[in-house]
Every structure is written in structure tokens, then in C-alpha cells.
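# Structural description and commentary
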Amino acid sequence: MCHSNKPERTMKNLKYIYLVIFLAFTGCSNDEFLNREPTDILGGDQVWANDDLVFSVMADLYNRLPDYQGLENWWEYASFDETFASNAGDYWRHQNQEYGYGDWGMWDYGLIRDLNLFIQKCEVATEISTESKTRFLAEAKFIRAMVYFEHVKRMGGVPLILEPLEYDYSGDPTYLQYPRAKEHEVYDFVIAEMEAVKDDLPNGSTRSRATKGAALALISRAALYAGSIANYGQLTPEVSLPGGEVGIPAAMAAGYYAAALKASEEVIALGTYELYDQDPNKSENYSNIFLNKSSNNEIIMAKDFLVQGRTHGFTIDNIPRSLREENTSGGKMNPSLNLIQSYELLDNTFAELPTMDASGNPLYYDDPMDIFAGRDPRLLGTVIVPGSSFRGKEVDIWAGYKLEDGSVISSGQLGGQAQLPGSDTSVQVVGFDGPIDQLEWSAQNGFYLRKYVDTSVGSGQRGTGSAVWLVRFRYAEILLNAAEAAYELDQLEKAAEYMNQVRRRAGFPIDLTPGEIDFDRIVHERKVELAFENHILWDKKRWRLAHRIWNGVTTDLTNNPGNALAVSTRVFGLKPFKYYEPGSPNNGKWLFEEFVPAPVFNAHRFRLGNYYSWIGDNVRNNNPKIVRNPNQ
Amino acid sequence: MKSSLLLLIGMLMILPLMAQTGTTIQGTILEESSGEPLPGVSILEKGTANGTVTDLDGKFVLTLKSDNSILRVSFIGFKSQEISIGSQTNFDLQLLSDLGNLDEVIVVGYGVQQKETITGAVATVTSRDIDKAPSATVSGALAGKMAGLAFRQPDGRPGAGAWLQIRNMGTPLFVIDGIQKDEGQFNNLAPGDIESITILKDASAAVYGSRAANGVVVVKTKQGKRGESPTININGYYGWQNWSRFPEGVDAYEWMLGKADADINQFGNTNISAEELDKWNQGTEYGYKSFSWKDFIIQGNAPQSNFNASVSGGSERTNYYLSVTRFDQKSVFSDEFEFNRTNVQSNITTDITDKLTVGMQINGRIENRENPGVPGGDDYWQPRFALFRNRPTERPYANDNPDYPANINNIETNWALLNYDRTGFYENKWQVLQTNFTAEYEILPDLKAKGLYSYYLADNIFNTFEYTYDVFGYNPETDEYFRSGGNDNPYRDRGQTKIMENVWQLSLNYKKTFNEKHNISAFFLNERIERTRLFNFVHAVPTNNFLDIIKFADTDTYNDERQEEARIGYVGRVNYDYAGKYLLELAGRADASWKFSPDNRWGFFPSVSAGWRISEESFMYSFTTNVDLDELKIRASYGQLGDDNIGIGPFDYLSGYRYGASTVIVDGENVQGSSNTGQPIDNLSWYVATIADVGLDFSFGSGRITGAVDYFHRKRTGLRGVRNDIFLPQELGYGLTDENLNTDSNSGAEIAVNWNGKAGDLVFRIGANASYARSKFVKSYNPTFSSSWDQYRNSREDRYNGIFWGYEVTGQFESFEAINEHSVNIDGQGNKTLLPGDLIYKDVNNDGKIDGYDERPIGYQSGALPSMNFGLNFNFQYKGFDLTADFSGGGMYSYNRNWEMRRPYQNGGNLLASMYDDRYHRADILDINSEWIAGKNPPLRFNTGGHSNYNKNSTWWLTNVKYLRMRTLEVGYTLPEKLLSRWNMERARIFVSSYNLFALDNVHQFGIDPEVADENGLQYPQNKVVNVGFNVSF
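Residues numbered from 1 in each chain as written. Chains lettered and ligands numbered in written order. Predicted model: local features only at pLDDT ≥ 70, side-chain atom pairs only at ≥ 80, totals over all residues. Heavy atoms only, no water.

## As for the overall build of chain B
Where we set the bar: Numbering of helices and strands starts at the N terminus; helices are DSSP runs of H or I of at least 4 residues and strands are runs of E of at least 2. With C-alpha atoms as the basis for the radius of gyration, the globule rule is written as 2.2 Å multiplied by the number of residues raised to the power 0.38. Accessibility here uses a 1.4 Å probe with only protein chains present; expressed as a share of the type maximum, an area under 20% marks a residue as buried, one over 50% as exposed, and anything in between as partly exposed. Two residues form a contact once any of their heavy atoms are found within 4.5 Å. Only the protein chains shown count as covering a residue, and every accessible area follows the Shrake-Rupley method with a 1.4 Å probe.
Looking only at helices and strands, one finds 12 helices and 50 strands in chain B. For 1034 residues, the compact-globule estimate of 2.2 N^0.38 gives 31 Å, and the C-alpha radius of gyration of chain B, at 34 Å, lies within 12% of that figure. Counting across all 1034 residues of chain B, residues that qualify as buried make up 55%. Sequence separation of 24 or more characterises 70% of the internal contacts of chain B that already satisfy a separation of 6 or more. Carbon and sulfur atoms provide 54% of the accessible area of chain B, an area that totals close to 42,000 Å².

## Points about the overall build of chain A
Note the cut-off: The charged-residue count follows a simple rule in which Lys and Arg add positive charge and Asp and Glu add negative charge, with His and chain termini not counted at all. To locate a charge, take NZ of a lysine, CZ of an arginine, CG of an aspartate or CD of a glutamate.
Check the secondary structure of chain A and you find 19 helices and 15 strands. Counting only C-alpha atoms and orienting by the principal axes, one finds that chain A spans roughly 120 × 80 × 45 Å. Taken over 632 residues, chain A has a buried fraction of 61%. In chain A, 71% of the contacts between residues at least 6 apart in sequence involve partners at least 24 apart. Taken as a whole, chain A presents about 22,600 Å² of accessible surface, with 50% of it coming from carbon and sulfur. When the 61 positive and 84 negative side-chain charges of chain A are each reduced to one mean point, those points stand 5 Å apart.

## What about a nonpolar patch on the surface?
All names here are of chain B. So the rule is basically this: Residues with no salt bridge and a relative accessible area higher than 30% make up the patches, which join like charges within 9 Å and nonpolar side chains (Val, Leu, Ile, Met, Phe, Trp, Tyr) within 5 Å. Whenever a carboxyl oxygen of Asp or Glu lies within 4 Å of a side-chain nitrogen of Lys or Arg, that contact is scored as a salt bridge.
Taken together, the side chains of Tyr582, Trp612, Phe619, Ile634, Leu696, Ile705, Val709, Ile751, Val753 and Trp755 make up a nonpolar region of the molecular surface, amounting to roughly 810 Å² of accessible area. Of all the elements in the fold, those that place two or more residues in the nonpolar patch are strand S35 (705-721) and strand S36 (739-759). Of the residues forming the nonpolar patch, the biggest block, three residues, is contributed by S36. Along the chain, the position of Ile705 falls in strand S35.

## Re the pairing of strand S33 (residues 669-676) of chain B
Residue and element names in this part refer to chain B. Short version of the rule: The pairing criterion for strands is at least two bridges between them, as found by DSSP.
In the sheet, strand S32 (residues 657-666) pairs with S33 via eight bridges, with the strands oriented antiparallel. Each residue of the ladder has a partner; that of Val666, found in S33, is Glu669. Adjacent in sequence and paired antiparallel, S32 and S33 are bridged by two residues, among which Asp667 carries a positive phi angle near 50 degrees.

## Concerning the sheet that holds strand S13 (residues 173-176) of chain B
Through backbone hydrogen bonds, the strands of a sheet pair up, either in parallel or in antiparallel fashion. Residue and element names in this part refer to chain B. Worth spelling out the cut-off: Inter-axis angles, ranging from 0 to 180 degrees, are taken between N-to-C directions of lines fitted to C-alpha atoms, where helices are fitted over the stretch in contact.
Read across the open sheet, the five strands follow the order S10-S15-S16-S13-S14; overall the sheet is mixed. Taken across any chain shown, the strands that pair with only one partner, and hence form the sheet edges, are strand S10 (122-126) and strand S14 (179-181). When strand polarity is set aside, the average angle formed by the axes of neighbouring strands in this sheet is 25 degrees. Inspection of the sheet shows S10 paired to strand S15 (residues 194-200) by five bridges, in the antiparallel sense. Bridging across to S15, Thr126 finds its partner in Ser196.

## Quick look at unusual backbone geometry
In this model, A:Gly434 is joined to A:Pro435 through a cis peptide bond whose omega is 0 degrees. Within the element layout of this structure, A:Pro435 appears in the loop between strand S11 (426-428) and strand S12 (448-449). Although it is not a glycine, B:Asn515 adopts a positive phi angle of roughly 50 degrees. Counting through the fold element by element, B:Asn515 comes out in the loop between strand S26 (491-514) and strand S27 (518-540). Positive phi is not limited to glycine here, since B:Lys879 has a value of about 50 degrees. A residue is classified by how much of its surface remains accessible, and B:Lys879, at 54% relative accessible area, is exposed.

## What to know about the environment of B:Met620
Residue and element names in this part refer to chain B. Structurally, Met620 can be placed in the loop between strand S30 (602-613) and helix H8 (621-627). Overall, Met620 belongs to the buried group, its relative accessible area being 12%. Placed 340 residues apart in sequence, Met620 and Trp280 show a C-alpha to C-alpha distance of 82 Å. The contacts of Met620, once residues within four sequence positions are left out, are Ile614, Ser615, Leu629 and Leu632.

## Topic: the sheet that holds strand S6 (residues 81-84) of chain B
Residue and element names in this part refer to chain B. One open sheet holds the four strands; their spatial order is S3-S2-S5-S6, and the pairing between them is antiparallel. Of all the strands in the sheet, the pair left with one neighbour each is strand S3 (51-53) and S6. In this sheet, neighbouring strand axes are inclined to one another by 20 degrees on average, regardless of whether the strands run parallel or antiparallel. Across three bridges, strand S2 (residues 42-45) lies against S3 in antiparallel orientation. Looking at S3, one finds that Ser42 is bridged to Val53.

## Notes on the interface of chain B and chain A
The condition that has to hold: Note on terms: buried area is the combined drop in 1.4 Å-probe accessible area of two parts once they are placed together, counting the loss on both. Here the nonpolar group is Ala, Val, Leu, Ile, Met, Phe, Trp, Tyr, Cys and Pro; Asp, Glu, Lys and Arg are the charged ones; every other residue, Gly included, is treated as polar.
The interface of chain B with chain A comprises 92 residues on the first partner and 91 residues on the second. Surface buried jointly by chain B and chain A totals about 7,900 Å² across both partners, of which 54% is contributed by carbon and sulfur atoms. Three residues stand out in chain B for area buried against chain A, namely B:Tyr657, B:Ile665 and B:Glu731, and they jointly supply 10% of the buried area on that side. For the pair chain B and chain A, the interface holds four salt bridges. No other element matches S32(B), which puts nine residues into the side of chain B that touches chain A. Partitioning the side of chain B that touches chain A into residue classes produces 43 nonpolar, 30 polar and 19 charged.

## Thoughts on the side chain of B:Thr54
Residues and elements named next belong to chain B. Rules: The definition of a polar contact used here is a pair of N or O atoms within 3.5 Å, where within protein one atom must be able to donate a hydrogen and the other to accept one, and adjacent residues in sequence count solely through side-chain atom pairs.
Among the structural elements, Thr54 can be located in the loop between S3 and strand S4 (59-63). Within polar-contact distance, the side chain of Thr54 engages the backbone oxygen of Leu38 at 2.8 Å. Separated by 2.8 Å, the side chain of Thr54 and the backbone nitrogen of Gly40 make a polar contact. Those residues in contact with Thr54, other than ones at most four positions away along the chain, are Ile29, Leu38, Pro39, Gly40, Val41, Ile43, Lys59 and Phe60.

## Concerning the pattern of salt bridges
On inspection of all chains with the given rule, the structure shows 110 salt bridges over all chains. Taking the shortest distance from any N to any O, the salt bridge between A:Arg221 and A:Glu477 comes out at 2.8 Å. Highlighted residues: A:Arg221 in helix H8 (residues 212-232) and A:Glu477 in helix H14 (residues 475-488), separated in sequence by 256 residues. Taking the shortest distance from any N to any O, the salt bridge between B:Arg157 and B:Asp155 comes out at 3.1 Å. Linked through salt bridges whose partners overlap, the residues forming this network are A:Glu298, A:Glu344, A:Asp376, A:Arg378, A:Lys451, A:Arg474, A:Arg503, A:Arg505, A:Arg521, A:Glu525, A:Glu529 and A:Glu533.

## Here's the deal with the pairing of S35(B)
Residue and element names in this part refer to chain B. Both strand S34 (residues 687-700) and S35 contribute to a ladder of 13 bridges, which runs antiparallel. Across the sheet, residue Phe700 finds its bridge partner in S35, namely Ile705. In sequence, S34 turns back onto S35 through a hairpin of four residues, with Gly701 there showing a positive phi of about 60 degrees. Pairing of S35 with S36, which is carried by 16 bridges, proceeds in the antiparallel orientation. Opposite Gly721, over in S36, you have Glu739 as the bridge partner.

## Here's the deal with helix H10 (residues 282-291) of chain A
Residue and element names in this part refer to chain A. In terms of burial, H10 is a largely internal element, eight of the 10 residues being buried. Buried-residue contacts for H10 involve strand S3 (299-303), helix H13 (378-382), strand S13 (470-474), helix H15 (492-506) and helix H16 (519-529). Two to three positions downstream of the cap, the backbone nitrogen of Ser283 sits 2.9 Å from a side-chain oxygen, assigning the N-cap of H10 to Asn281.

## A look at the confidence of the model for chain B
Definition in use: As a per-residue measure, pLDDT reflects the predictor's confidence and takes values from 0 up to 100.
The share of residues in chain B with pLDDT of 70 or more is 97%, and the mean pLDDT across the chain is 91. This prediction of the complex comes with two scores: 0.89 for pTM and 0.93 for ipTM.

So, in C-alpha cells, the structure goes:
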């Protein structure tokens, strides 16, 4: 039975097998099998035929706008004298003597190329509407100007590349070597470009995208910088290069100041923006400038965040220790006593915090807040001081009990307990918020930051984060820019008026007179109004103050906080103590001691070579036309 | 006629049944190779307790108890035999030695080969060795087992695997039952289902082409044997695990005293008073009691168990192996941190016709990791971090009341919270099914065609729920507890992965012998591999701690991914040997990977190898018989292999915009940003590895002593580099893309020797192996340096990889005078921060200061595998007893102490006891003027990483590790067959074993396991395990 069928079946199988082998070794298209489609890459033709996709590319370019100090890199705020970093990983900022020449350097021609490519492609795009095209082009040019401004303030003049360059693979790339533009040429480009596109941009309606207001604000700021470099650069003739890559001729100062004033007044004239003034409590009002996103006409441009979209950890990092919503982190920025005592008294005068009387005895206060009383309300809008409240809860900052003999009873643990002399029960001897020496993530120097710290519940949680936005341009800065430009142009009336607008909103009852406006006032007003807004470094640089106030000399806290030239090389703190001497009238009262937090070893030294950052060897090796920056 | 013939045949067949109860049989048992009689051989009538042993002349006599008996003849060191008793009463039997491995069959690429004809460098380990290591993963069981396999297991948590590399060449390719798989799949096979693991170390791996450049690990699972009656095996063990080592911290008094010491060292004063220290020293007063976090967290004796049941056997046409295994492992922290896995394996092959054989293999597993949901990435981190992050002055509960977890400095490391009740849960589950279908058809007697289709489906889900919780303070005055903090961050996430893989293979196999001496075989194969991975991730901020489901309104993140891979290979291999004497193999594989641009997809990887079995030569005859040499083979191989894992993404050859590159919020709207993908990378192709290997195989005394020696050299060309002689200005905005330009090499040698022997009733197997492999960067395209220092410090040209640079410590300052007299500026601040006991660095360039220019090579790679690996394996059997003792070791790698292992009071937490115990300090800690007392360690400083002692890698902190480790130590007892036979059992064995009992090494003084890699020393180390177990067969 089997026998008869067998050969035939084998034959059939053989045929089948041969077929399979044939298919295996010659058949099916290998290419088809190997070609797979990407799941996240859009082709250029797909993008440039669709407004939404073009905007998606644009959004990414907005996203790449650089911020030296910001909510996503809080630690850079601790590099100068505004704040102490209560975070062991950042103590080095107070221990390094000198700033590196490469610090805050930038040479991002990858971003510039992407912007140039965008502009190039947008110009030839035919499948999007002219209206969209005009706006996209103006926006891309705004971002490009911002990026060049960012370069020039860090590096001085850089090559102005305005078309996407292409290498021809010929082996000889010398044709791609462009020299650095003069410093003023970059400023001129930024100003001219914004003048050219400002009317292609909408007036208001968005605070994330470029607007006419933002373009003018950029002119206002850039022209002011250029003007002050031309003006104050005369104080540091060694900070310049013969080719003008660094340094702006003094003769150009007036023109820039005029441009800054004009652009600022154009912003004012738009009528779109106003100072935020909605809360009767002026401190509250000040902190809400940064927290209120819904009805706030002060903000011209901001980097926005969104819960259930994209948030940042600024609040997680900086919320007072006892209020934190996470069991880790918190309290990393401790604003310095240097900054805190800079806030004027309400009568427009300056004073140190009164900790001692004339003969050197401690002053006793009933309430820890008393020592801060009568000061610029912006202080409490910027800083959480001992005894103040945040999120409706009093913050518990005190360093311990001070005994009659001057000794201290405290604890190494927040809210720690110990026995006071003559008692056999333990009581709390230090605040739940610090300060405790070297205990990071708490008010190690006696203060917490309030500005930008989110009050909404959940913003201090890793899983949620904060959606507070990062303000890049706001109306108050425009007023201060106008005030400074007017002052430099000897229009003191105007300067006083613009500055007083800001000060009235801040809560000062008495205006400054035009005669009271001087350089110290200009410097001071920006210091307190714009603290923690990424201005300190650029302002101190353009005024050529940086090497004088951060001079590397170990100096005590100034007793003249209004002086623009006061040296401020180390960050100080303030320890509140409770006095313990049963029977004494001062028992239970508060006294304060200034101190230097233990991790602060060395004085900041800003060298002349820090005014313009180091241009990397890789940049100069590849393009011999790039000259080095001076004094490095 | 016909019918009478049938009757006759029938009668002949029935005859064997006629053996009668009471029949007496007798016989002689001889050793097969020598013909000598064997005394002491056990003869057993199967299914009864009736048996005997042979006398001194190898003779036996036995009276049968039953009809139709089967005799089982067994002797230690020999292969057992079973004989049906017919009418025969007189038996002369020859027993085959089980000691040598002359006829060993080795699994090689896409098939098996006789060991004697192999021309490549391979090493094999079989089930009997794999089974003995109580490891959660297959990789963990391979330490010291194969020459050429580099091993390090830094992590010992439940379910952890080891780092494996073949000849330190990089991550190898894993091939399981002919299918290319990944390391995770390899690690989570049930070790008991593995028949053998072979590593292909040289160009013999070329048949695996595109991904074989780092060697191949080939796994074969167990199969039943044709014609073997079903055997049921049940194996199990239960054991207890404890950490091999972990660094020790100090107690509260020492902590406070050390803190006072550190304060005075750093600032000249402290606010810790003598009275306070006294209270801590007494440790009785409220608030002054020391707390041991280690005793609180580390429970020890964590259980681990493995149970396996399998059945295997076969008929004439079918063979099968079916198995189920369950493995459970808990952590030393608590039962809540655990790993478990259930594996099934089913291998069935059957002949449908004489020519067509089909088979199906199913491998499935469910793999679970579960533990409390601890905030932060790695849930096993906080419990270990706690041991050094928490101070011994802190306590887990407010007022020691377990209802109120305390607010300690770092709440996340409060172990009181790290449990399912308080912090939540995490679970990670893999469900994996691999199915292979095969069909083999004999086209001609010499030509076979085979088809294989394999489908793989893996499903992974991880679920995290981290609850909110409160922590408390206690006010003794009012006897009140108050909330003082906690976790207000409810966290919920879920990630799901699905992986689907299709593999098609079609092959032809031809094998023929011409003129009796020319043996030719040829093999061709076409393979297609396709893999799709789907992944999604959702994160939510739940509104409560109770409900498991995730609602859209609570979510804030959703990610979705899909990736595909596709590879094609055409393999050809021809083997020729002449009279089993001269061996030649030619192999090649053309491979394409989807990852490269269409023009660069294909690579061709040829190899050639040859062998000469000198021992087969007639002129060697007198020599071989004199020294009892049975095999001497010289072999050499040379070939190329490819690697498509060159660090580019699969679509880097396209230009366009990457959608979702950023999340941008525009006026409160969530916009997905698209970024320019940049210059397309369309010129890159395979790395090509050229491996040369020369080896020698030998065998003496019928396989009693065997061994192999190999030397190899691998050169990889086409490594990524950039043509740096064209200076493209950065202002261009893009650079030249990498090309296949650079070269590196890797060379080394290995030796393995095995000795199988017998002395009286003692049978033993002793194996030793050692290997050395180290890689070197050979050359880059046009190396350029800005200075001779730059060249010295940064050049890689013709240098070993993994050189550790650091400072040389020449000693410690003994006094302030010595510091003052020291002319070299060590701390950059004129030595004003130095104290007696601080480290003196060698000013190599004599410039009067210590800086980067004083760095020199001081060690080997620190986070990688040892360059030197060795193993020693002992196995003894004496009567029913057996003893296994395995050792493994390594050297030529470095451990760099840092963080907790370097800085006292890192993060303000605890400090290493040894740093406290033996240190430079003042006679009276609190008196800054008292004299200094010398110690081994530098004086204490509190949480200071910036000091010159701590901010440099130096010979003080670096140890070039060497270790020898006891791996398995196992004693077993096999019950006598006589006893078992009564219960119808074939085999029963009980054993006690230990694993990692001790290690001899040069890092024990730091409390570090020699294989730990984390610089902070807080890695979960390997466990010491003690097991009891059994093996039973029916």
C-alpha cells in the first residue's frame, strides 16, 4: 500500500521544496523588507505645506531661546551676590575665587543655521498663506535677533551669518571663514532687524510669540546695552579690541540711548501694556506680577508652562522647607542679606538692618518681622523673611536660644529639641525652616526666595511641577530702560517720571525728584525691581561695574546699600535668635546676627577677561579669522 | 510457508518473555577500553530491590525475582546500561567510561558538530554545571565556567544578572535554539531547561554575521531522546540569602564625636559640648539614644527557592521535553521586595514520514518584580542609601511610636515609610512567549532542507503608585504628635511594551563522504528577522491613595513609541575534511540591516578556519600510544564579522523634522515642537571586526585529561571618526558627519584544562581555566594634538583602553611642621587647608603645585569587566556522595572609592566606620591645642567634597582589584539504587549547597564586595546563599 504512493509524493514534495528554496534565495524583495518608515520624522515637503506643522517647527525654535538664568536653571542665580545656594552641589559657587573665562559663553551657530534655514524655506514656500508667511518670517527674524543679542552680550561681536551656509565638500572650506563683526554691528543688526519686522507682528494677543511690543522691547534693551557699553566702556579702555569686535566708540552712546528711549516710548504708546497693580497689599501685588498669568498686562513676553503639559521644578527646589510638598529638596535659594538690605526705607533713604545699637549691644524686637519694617514692599514680595508667611502659613526661621552669656542652645535637626538651663523638659530650640549651619535645602542663611515660587498647591510636587512662567520682557523694565536712557540723555524730568511710575506701583508714597536721579539710583532701582530676572550679570557688565563690585577682596557687608560701587563679594545671612533669660525684660524677644554661611569661603572675583567670554580653541582653530577676546 | 515463517519470528520475539522467576543468571563485567574486569559494579533487577555487585574478577550471580526482568548495570564513572533478560543466563558485558568526552557534540552556528572536527574557538558548559549555581539568572551561573568568558556581577538584587562578555569584546549576541535573542531573554530562561551553552569566540561566529562581532552565546534547550522511556524529574531547593558584604557606619556617639572633630578641623570650633557628647556616649537619656539603621532595614536570611518538574522521553518517531519551573527570590530588606519567575518549556519533535520531521518549541515565562513604590528611579536605592544617608542620631518613628513615622533629615530614606502600606507599590511584569516551528525534509539521503519560523511576543507592563503620606514630630511637653512634613506628591505611572518578532529561516544541508575519506558538508541559509516594539507610557497625579485605575483627567503625560527593525542574512558554509585529519571550513554571511542608508546596508563577512589533527597521523602512532594521547589538534581561524550597533539611529540617513522633539507651551496651549534632524548621516556602514585565532586542543588517556589553548587578536576597523583635517568653521552650523575611519584591537589568550579521573571509588572532575583579554585603541584618523602634554594625556593612539588616570599619593603629613615645610602647593591655597593626616600628592612635573599636569595612569577601567578571569571547578563523587567546589576570580580592573566611600558625612549622613576608627585626630577632640594622634585615615571633615583629599582621584582611593571567590560549594548524597528501585524511582539525591561563601580579595577592608562597581559602595551586593535541595527522577 505504502509502496505505490511513495515515489509520487516525494516528487511532489521535491517540487514544493525547490520552489521554497527558489523563493528563499532569489525571490522576495529584500529592499521592501528592509525599508521601514520612521514614526516621528516629518519630511520637508510635508511640513512646508501646512501652517500647523510650520508652527510646530517654529515652536521648537522658540523653545531653544537661551536663558542664562531661569526657572529651569536656578543655580545660576547663585553665581553672584543675589543669593546663597543652600545645596551642597552648588557650594562651589561660593568657594571658587574666580569666574572662568568660559563662563556664560555661547557660540551656537547650529541654532542660527536652523533659523536661517527656516527663513530660507519660508521665503520660498508656496503652499502656505501669505499672511502666515509674513508673520512666520517676522517671528523667525525676531528669534534670530534674540539669539544674536544673546551672543553679543556674552561674546562681543560675532560673525553675522544671515544665510544658511553650505560646505561644498571640495576639501577647501576657507570660503566659509567669516570674521567677527564689530560689537556695535551686531547691536545695529538687532535694532535694524526689529525695526524692519515690528509692523509684521501683531500688537499684543500673545505673550509666548513675538509681537510688536516684544520687538520694540528687544530694541529698548539692546540699544540701552549698546549705549552703556559705548558710554561706560570708556572706564575700561583695556576691554576692547582694535578691530572693534569688543568695545563700542563712545561717540555712539547718545544715538543708542536715543534709540532705547524711542523704542521704550513706542512700547508705552502702544497702550497694550501697563504696570500690574491689582492687589492692595503691595508686596503681594509685586509677587503676583510673576504668578498671575490670566489678567496681567505687564508681561510682554514670557516662556510659558502648563500643568499637564510642561512644568518646571523651581518651586520644588525653592519652596520653604516646612511647606514643601515633596519629601525631598526645597529651600535651595537663600536670598542674600546683601540684597535684602538694599531695599530702601519708604522715605527713599537707605539703611542697614538695625541689629545693634550704637554701642554695639544687640537690639531686641518683639516680632522677628519688626527688623524689616518700613521698607520697600518689594522686599517681602521677593524674599520670605523670618516671621513672614507663605501659602498662608508662617515660616519657622530661627537659629536657637541665645543665653545671657552669649552662648547658644540649638540643634542639628530642624525643629530639634533640647533642654534649656534650669528645665528638665525638652523644647523646640531651632526653627523647622532653619537656619542650621551646613544643612542644605533649608534657610541656611535665614531667608527663602518668594519671587517666582508658586503658591498653587501641587506645584511643589515632582509629579506636577509649577507652571509659573519665566518673564523675558515686562513693562516695568521698559520704563526703567526709558528712565535710564533719559537720564543718560540728561532728560532728568522724564527719567524721574518713568522711574516714579515703577516706584509708585511698588508702594513708595514719595516720588523721587528729577534732581535725585543719579547713576546710583538707576543701578539700585534695577537691582531691586529686576532681582532674579536674569539682569544682574548683563547690567553689571554693561556698566563696567562687575570688576569693581566683585573685585575678589574679602569685604564685609557694605554699610551704604545705595552705593552702586559698594563691594559685594560674599553672600551674607542673618540669624534670628530668641533671647533666653527668665526674669529679664528681653526674655523671649528677638535679636539678630549677621553672618557668613559656612560654605562661603572665598570672595567673588570678576576679572577684566570675564567681560567677554572665552572663544573656544575649536572655534578659533577652525576659523583663523576669529580673534580672541581681550584680557584672557 | 509464509505463515510458518511468521510464527517462527513470533516465537523468537516472545522468547525473551520466557525468563522465569527464580532463574539464576551470571556474568562478567569488563571495562570497554582495557578489557579489564570491573569489581564492585552494581547489578539490579529493575523495579525490585533485588541486586548484587561484581566480585574482584568482575563476576556476578543473581537469582531473578520476577518474570520479564530488566537488568540495570551501573557503576560510578561509567555509563549505565539496561539489558532485557531473555532466555539468556550468561552475560559478558562491557561498560563504557563516562569520564572522557571524546564523542562530545558541540552546538555551533546553526547546527552541531563533533568536537574533534571543530576548527573554531569555542567553549561549552552543560547542564550539570549550570544547575549547580543557585542564580536567579543564567548569566549569574557562568562565573569561572568557560575560558574566554569575562564575568562581573556588581548587582545582586532579586532577579539580577551578571555582566558577561566574550573576550572583553563587548555585549555578545545571544542565540537561543537557533534564534537571535537579547540578554534579557537569555538571562530569564530557566537554568534547568538548558542543555548546553556554547560560546563562539572567534571567526566561527561569522555565520551569525551582522551582530556577531562581539562573539556569540549559543544556547540549546533540553530535548528528549528517541526510544527512551519517559523520565520525570523533580528538582528543588530552598535557601537563605545574606549580603556578602556591605560597608559599616558608626553609632550615634561616634557620629557626634566625629562631627565635633570635623567642626574643629574645619572651623576651629564646634557647638557640640562635652556634656552633650557624654549623654550620647551613655545613650540612655531620651533623645540621646543611638539607632542602628542597618539592623532596622536589613532583615537578612531572605528566602530563595526554585522548583522544577519536567518529563522527557521519546518513542521511535517522537521525542519530547516538557518542563515547568518556578523561581522565587526575596530581598534582604523585606519580603515586599521580590522577584519571581515561572518558566515553561516544551520541545517536541516528530517524524511525520521517513523523510519529514517537524518540531515545535515553546518557551514561555512570566517574570515579576514587585516592591513598595519608592519615590525616585530605582526603588532598591533608598533602602541602601538610608544606611549612609540617615544619621544614627535619628530615629524612624516619632517618640518611637510605630504609628508615627518621624520627620528625619531625608524623609525618603526613612525605612519606616518604605512599605506597601505607606508608600505604595511598584510592579513590573514580563509575559513572554517564544514559539519555534521547524520542518526538516530529506530531499536526498545526503541533502536536507529545513524551514524554521519563529514568533516571539513579549509583553511588559510596569505600574507605579506612590502614595501621599505624613511624617510626624513629637512634643514631649504636651505628649502630642504633630504633622511636620511628608510626601504630598501622589505619583502614578504605567508603561506598556509589546515586542513582536518574526524570524524566517530556510536552509539546505548537504553531507557526503566520497571514497571513504573525503568528507564534505555544505550549508546554506536564508534568514529574515523582523522586530516591532510598541511602547506607551502614561503618568497621572491621582486624587487618592486607593484606586488603581488611571483616569484621563488625572493624567499629565502620555508617550507613544513604535520602532521596527529588519535584518536579512544569507549564510553559506562548506566543510571539508580528509580522513578526519585535515579540516577546513569556509563560511560567509551577507547581511543587511535596515539601520543604514539604502546604499550602505549590505555587508559580507567571510571566514576560513582549518585544523590539523596531528594525532591522526600515522607517524605519530608510537608517540600517541606511549603517552596515551588520543587527540592533538592545531587549529586556526581568520575571518570578518560585522556590527550594526554603531550608535546611530535607524533613520539618521533621512533629513526632515523630528515631531515631538520638544513640548512648547504657547499661550497656555501645548504645542509639539519639531526640530530639524540636521545633516543626514548616510555614509556610515558596518564596523568590521577581523578576528584571528590560533588554538590547540588535546586529550590524553581516553579523554581523561583534555584541554585547549588559544591566542586571539581582533581588529575592528570602520569605527566612527571624523575627518579632522578639514577645518570647517563652527559658523557653518554643522560639522562633518562621522565616517568609518578608526581602528581598535583586542587581544589575549586563554587556557582550559580538565582532568577526569577515578581512584578507587572516588571519581573526580577537576577543571581550571584562565583567560586574559584587553582592548586597545589602535588609530584614529589623523590624530592631532595641541601640545606634547595634550598628546600624552589625551591621545588614545596605540594605547590600552580603560586607563584610569589620577594622582599618586606618596604619604600623609604627620604634623603641622611637615605641612609648613612642604614646598608643593597641594590644595591650591598655599596648603592652609591641610592638617596632619592629609594626603601628600606627588608633584610629578616638579612645578611646585598639584594640578592636572600631575595626573598619571594609576589603574585599569573601573566600571567594566576584569581583563583577567579564571575559574577552578572541582567535582568529586564517592559512593553515594558528591562534592562540588567551584571558584572564580578576576583581576586587572579597578575600584574607585568615591562619595560615601571617600567623604566622611557625605550628604550630612553617616560615615564609614573605618574612617572614624583609625584616623588622625587630636588627643582631646574638643581641645584644638591638644596633640595630634596618628592614624591610618585622614582627619575628618564634614560633608566636604572640595578638599584636596577628596576632590582628586588618586592611588589612595583607587584599588586595582584581584579576587578569588568561592562560588558553589555543594555536598550531595544520592540514595542507593536498591532502595529507590523499590519505590520505582530512578534517582534521588539530596544536597546542601552554599554560594559565594567567601572571597579573598583586596577590597574587603572597605566592606565592599569585590565585584561591586558603584563608586559609592552602596550597590546591592551579591548574596551569600545557603540552600537545601533535592533531585528526584522517576
